[in-house]
Amino acid sequence: MSANLASFLYLVSGILFILALRGLSHPTTSRQGNVYGMVGMAIAIGTTLLYATPSFGGFVLIVLGLAIGGGIGAVIAKRIAMTAMPQLVAAFHSLVGLAAVMVAAAALYAPESFGIGTLGAIHAQALVEMSLGVAIGAITFTGSIIAFLKLDGRMSGKPILLPMRHVVNAGLAIALVVLIVLLVTTQSTSIFWLIVIASLVLGVLIIIPIGGADMPVVVSMLNSYSGWAAAGIGFTLGNLALIITGALVGSSGAILSYIMCKGMNRSFISVILGGFGGETAAAADDGIERTVKQGSADDAAYLMANAQKVIIVPGYGMAVAQAQHALRELADKLKEAGVEVKYAIHPVAGRMPGHMNVLLAEAQVPYDEVFELEDINSEFAQADVAYVIGANDVTNPAARDDKTSPIYGMPILDVDKARTCLFVKRSLGSGYAGIDNTLFYKDGTMMLLGDAKKMTEDIVKAMDH
């Protein structure tokens, strides 16, 4: 295959990747977007195999690697529950970072194979690209592992605040710059692995102080890092498809991180510095005795059956209980009774961007019934019932009313403005941010304590009576 044809095919795959991102931006076109992405990746892989023209043995090894990796990916994708999608994304990000480190190491030890010079005489430009790629890749690897452990519940979602963490992080960042300069000037393999070690440590230290409330931002941030790592290695390899793909992932992840931060009214720097989420919740620290109004499925069924407008607010509690199908059944029952039903989605509900949208799409909830915060928040005041199913932090009025609250200023869904707020939750405990929800104690709130799926199913049964 000629270089011109390979460049053209890489350009085609890049265009398909752009179309994939465009398609994935809306639920109605997401399937088509996935198809574009798969076709683009197939073209990129095929072009690389044909253009690189490896030996027969090398070709067999590459195909074998593709088969093993693709097989593992297919099995995981088939078995993984939709509720575990955030931690799966984090885990896959770690693999991208690890791949960047491995490719950079291969380029360092066998530069002739990559056309970047000879051992001990690698082009300075290639060394800079390699250093940046391996540093970002290593940070992505360990950072994604920590994010996976937090999201999967294997590590506490509370921030782990090490003493002088900012000083240590700044010191490591400066050390990385120095090591990269030394690698370019000395081409020492020892310096290369010091860069890897320093970056691995920095990846851990960046993520562990970040609390649960900021996890959606962390996921999109790590997505961006993995893209820039791939782009850096793409320059080292001289691979146009890898550069295009990495730049697309890196830039889109950065934009998404900005959108998430805006949705939480927080700066990107404040998220990276960490510390938010997992604060000690205390409902009665001010000496005021608070009470809640607790209801049953029969109470909820009566209120919703006699309502004219119900707004459903799904959250991570719905995901954990896998209640999306029961929720769809409840909505269908209400619509049959002539009740107007809409869904309200907060941009950081769940554990990753779009988490709730994916779960509702799985339950075949009509797309035209699902609205983002800015499009539906004004309608809560006209709603008879707001049915909140596990969306704790994103409905907490303290973010709007209490200037002393750690989440003050974060845009929330104004469910407390509905005539009645039915809140489904296992207990009165705090959400992932670790902050007590003052919504529980408002006069218009009725707590429905129990498993979200069972409670929703019981409400449906009660409506049939």
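None of these values were measured; they are calculated from a predicted model.

## Observations concerning the overall build of the protein
Logical step 1: Looking only at helices and strands, the protein has 18 helices and 8 strands in total.
Logical step 2: Its C-alpha atoms give the protein a radius of gyration of 25 Å, near enough to 23 Å, the size a compact globule of 465 residues would have.
Logical step 3: Once the C-alpha set of the protein is aligned to its principal axes, its extents read approximately 75 × 50 × 30 Å.
Logical step 4: For the protein, the proportion of its 465 residues judged to be buried stands at 47%.
Logical step 5: Within the structure as shown, the protein displays about 21300 Å² of accessible surface, and the carbon and sulfur contribution to it stands at 64%.
Logical step 6: If the 28 positive side-chain charges of the protein are averaged to one point and the 33 negative ones to another, these points end up 3 Å apart.

## Describing the confidence of the model for the protein
Logical step 1: Summarising the model, the protein shows a mean pLDDT of 86, and 93% of its residues fall at 70 or more.
Logical step 2: Within the model, the stretch residues 278–287 combines pLDDT values under 50 with 19 contacts to residues more than four positions away or in other chains.

## A short note on the nonpolar core
Logical step 1: Core analysis: the largest hydrophobic core is formed by 43 residues, its most contacted members being Met130, Val134, Phe192, Ile195, Ile207 and Val218.
Logical step 2: Looking at this core element by element, the count peaks at 10 residues for helix α6 (residues 124–151).
Logical step 3: With near-sequence residues (within four places) excluded, Val218 lies in contact with Ala147, Ile207 and Ile210.
Logical step 4: Core analysis: the next-biggest nonpolar cluster, separate from the first, contains 39 residues, Ala323, Leu327, Ala331 and Val385 among them.

## Brief notes about the packing of helix α4 (residues 85–109) against helix α8 (residues 189–207)
Logical step 1: Axis separation between α4 and α8 bottoms out at 11 Å; the angle between their running directions is 170°. Here α4 is positioned roughly antiparallel relative to α8, judged by the angle of their axes. When α4 is examined against α8, the residues Val101, Ala104, Ala105, Leu108 and Tyr109 are found in contact with a partner set consisting of Thr189, Phe192, Trp193 and Val196.
Logical step 2: Its residues assigned to classes, the contact of α4 with α8 comprises 8 nonpolar, 1 polar and no charged.

## Details of the sheet that holds strand β6 (residues 385–389)
Logical step 1: What the 6 strands build is an open sheet, ordered β5-β4-β3-β6-β7-β8; its pairing is parallel. A strand with exactly one partner marks an edge of an open sheet, and here the two such strands are β5 (370–372) and β8 (445–449). Ignoring strand direction, the axes of neighbouring strands in this sheet form an average angle of 25°.
Logical step 2: Against the sheet, helix α15 (residues 355–362) makes contact with β3 (309–314), β4 (340–345) and β5, and its axis sits at roughly 145° relative to β4, the strand it touches most.
Logical step 3: Sheet strands touched by helix α18 (residues 452–464): β6, β7 (420–425) and β8. Its angle to β6, the strand with the most contacts, is close to 145°.

## A word on the UniProt feature "transmembrane region" (unreviewed entry) in the protein
Logical step 1: The UniProt record annotates "transmembrane region" (unreviewed entry) at residues 6–23, 35–52, 58–77, 89–110, 130–151, 167–185 and 191–210.
Logical step 2: Secondary structure content for residues 58–77 is 100% helix and 0% strand, and the end C-alpha separation is 28 Å.
Logical step 3: In residues 191–210, the share of helix is 85% and the share of strand is 0%. The end C-alpha atoms are 30 Å apart.

## Section: a nonpolar patch on the surface
Logical step 1: Together, Leu61, Leu64, Ile68, Ile72, Ile76, Phe92, Leu95, Leu98, Met102, Tyr109 and Trp193 give the surface a local cluster of nonpolar side chains, amounting to about 1000 Å² of exposed area.
Logical step 2: Breaking the nonpolar patch down by element, the ones donating at least two residues are α3 (56–79) and α4.

## Let's talk about α8
Logical step 1: Across its 19 residues, α8 extends 28 Å between first and last C-alpha, which sits within 8% of the 27 Å expected from 1.5 Å per residue.
Logical step 2: What α8 keeps buried is the set Ile191, Phe192, Ile195, Val196, Ala198, Ser199, Leu202, Gly203, Leu205, Ile206 and Ile207.
Logical step 3: Here α8 starts with a cap whose side-chain oxygen sits 3.2 Å from the backbone nitrogen of Ser190, and that cap is Ser188.

Analysis parameters
- Residues numbered from 1 in each chain as written.
- Predicted model: local features only at pLDDT ≥ 70, side-chain atom pairs only at ≥ 80, totals over all residues.
- Heavy atoms only, no water.
- Helix = DSSP H or I, 4+ residues; strand = E, 2+ residues; numbered from the N terminus.
- Rg over C-alpha atoms; globule rule 2.2 N^0.38 Å.
- Buried < 20%, exposed > 50% of the residue type's maximum accessible area, 1.4 Å probe, protein only.
- Areas by Shrake-Rupley, 256 points an atom, 1.4 Å probe, with all protein chains shown as cover.
- Lys, Arg positive; Asp, Glu negative; His and termini not counted.
- Charge placed at Lys NZ, Arg CZ, Asp CG, Glu CD.
- pLDDT = per-residue confidence, 0-100.
- Contact = heavy atoms within 4.5 Å.
- Core = buried A, V, L, I, M, F, W, Y, C linked by side-chain atoms within 4.5 Å.
- Axes fitted to C-alpha atoms, helices over the stretch in contact; angles between N-to-C directions.
- Parallel < 35°, antiparallel > 145°, perpendicular 65-115°, else oblique.
- Nonpolar A, V, L, I, M, F, W, Y, C, P; charged D, E, K, R; others polar.
- Pairing = 2+ DSSP bridges.
- UniProt positions renumbered as here; feature names shortened; annotations may be inferred.
- Patch = residues over 30% accessible without salt bridge, like charges linked within 9 Å, V, L, I, M, F, W, Y side chains within 5 Å.
- Salt bridge = Lys/Arg side-chain N within 4 Å of Asp/Glu carboxyl O.
- Expected span 1.5 Å × (residues − 1).
- Polar contact = N/O pair within 3.5 Å; in protein donor to acceptor, adjacent residues only side chain to side chain.

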